[in-house]
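Geometric and topological summary
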Amino acid sequence: MNAFNSEDVSRLAAKVTDRARALSLRIVTVESCTGGLVSAALTDIAGSSDVLECGLVTYSNEAKTALAGVPSGLIHTHGAVSKAVALAMAEGALSRIERADLAVSITGIAGPGGATPGKPVGLVHFACARRGEASVHEHHVFAGLDREGVRRASVVTALGLMLRMMERGDGTAGLP
């Protein structure tokens, strides 16, 4: 069961690419449960090299620490699937990738296994950080979706979050 189709993903990726290009922003993605799908969606768009600096797949806790600078104690205290870790992933990548201006992170439980008490399959945390601005976080529980559906819904959500962050930053719209 898919929450969004490929046209939704392509349309949003094109909007993110166009907006980032217009604002002269470079993007870094920090992905866990999506395994690089956000970067893939962006690189499907011709000219994405103008805006995509890099994509980090930080699937393991060790990779979150080594690549994005997430403190291991933060993971131990809050768990990898948490607001604190999502924010640390985005902010850490932005601090480490000097040419990047905007970072999005995704960490969640795509299933079918991996659920724990209080953290069901389909729970995904997102964060977006932009230089000079306060970072934002949101989380969703994509209940009733299979693994592919959770991952696809997460890609669409991450692209939408980046777009809203860019709009907020240039004064054209606000985040909720």
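This section reports on the structure supplied with the text. Quick caveat, the model's predicted, so the values are computed rather than measured. (Residues numbered from 1 in each chain as written. Predicted model: local features only at pLDDT ≥ 70, side-chain atom pairs only at ≥ 80, totals over all residues. Heavy atoms only, no water.)

Within the secondary structure layout, R130 lies in strand 4 (residues 123-130). A distance of 3.5 Å separates a polar side-chain atom of R130 from the backbone oxygen of M166. (Helix = DSSP H or I, 4+ residues; strand = E, 2+ residues; numbered from the N terminus. Polar contact = N/O pair within 3.5 Å; in protein donor to acceptor, adjacent residues only side chain to side chain.)

Our focus in this paragraph is the pairing of strand 5 (residues 136-141). Across six bridges, the pairing between strand 4 and strand 5 is antiparallel. Opposite A127, over in strand 5, you have H137 as the bridge partner. Two successive antiparallel strands, strand 4 and strand 5, enclose a turn made up of five residues, where G132 displays a positive phi of approximately 80 degrees. (Pairing = 2+ DSSP bridges.)

Once that is clear, we can look at the nonpolar core. V16, I27, V38, L42, L159 and M162 are the most contacted members of the largest nonpolar core, which totals 35 residues. Top element by residues in this core is helix 6 (residues 147-169). It accounts for 11 residues. Among all residues touching L159, those that are not within four sequence positions of it are V9, L12, A13, V16, V38, A41 and L42. Counting 20 residues, the second-largest nonpolar core is a separate cluster that includes L56, V70, L94 and A100. (Core = buried A, V, L, I, M, F, W, Y, C linked by side-chain atoms within 4.5 Å. Buried < 20%, exposed > 50% of the residue type's maximum accessible area, 1.4 Å probe, protein only. Contact = heavy atoms within 4.5 Å.)

In space, the five strands of this open sheet follow the order 2-1-3-4-5, with mixed pairing throughout. Lying at the two open borders of the sheet, with one neighbouring strand each, are strand 2 (52-57) and strand 5. Across the sheet, the axes of successive neighbouring strands diverge by a mean angle of 10 degrees, strand direction being ignored. Alignment of strand 3 (residues 102-108) against strand 4, held across seven bridges, turns out to be antiparallel. Opposite A103, over in strand 4, you have A129 as the bridge partner. Its contacts with the sheet put helix 5 (residues 83-96) on strand 1 (27-31), strand 2, strand 3, strand 4 and strand 5, and the angle it makes with strand 4 is roughly 35 degrees. (Axes fitted to C-alpha atoms, helices over the stretch in contact; angles between N-to-C directions.)

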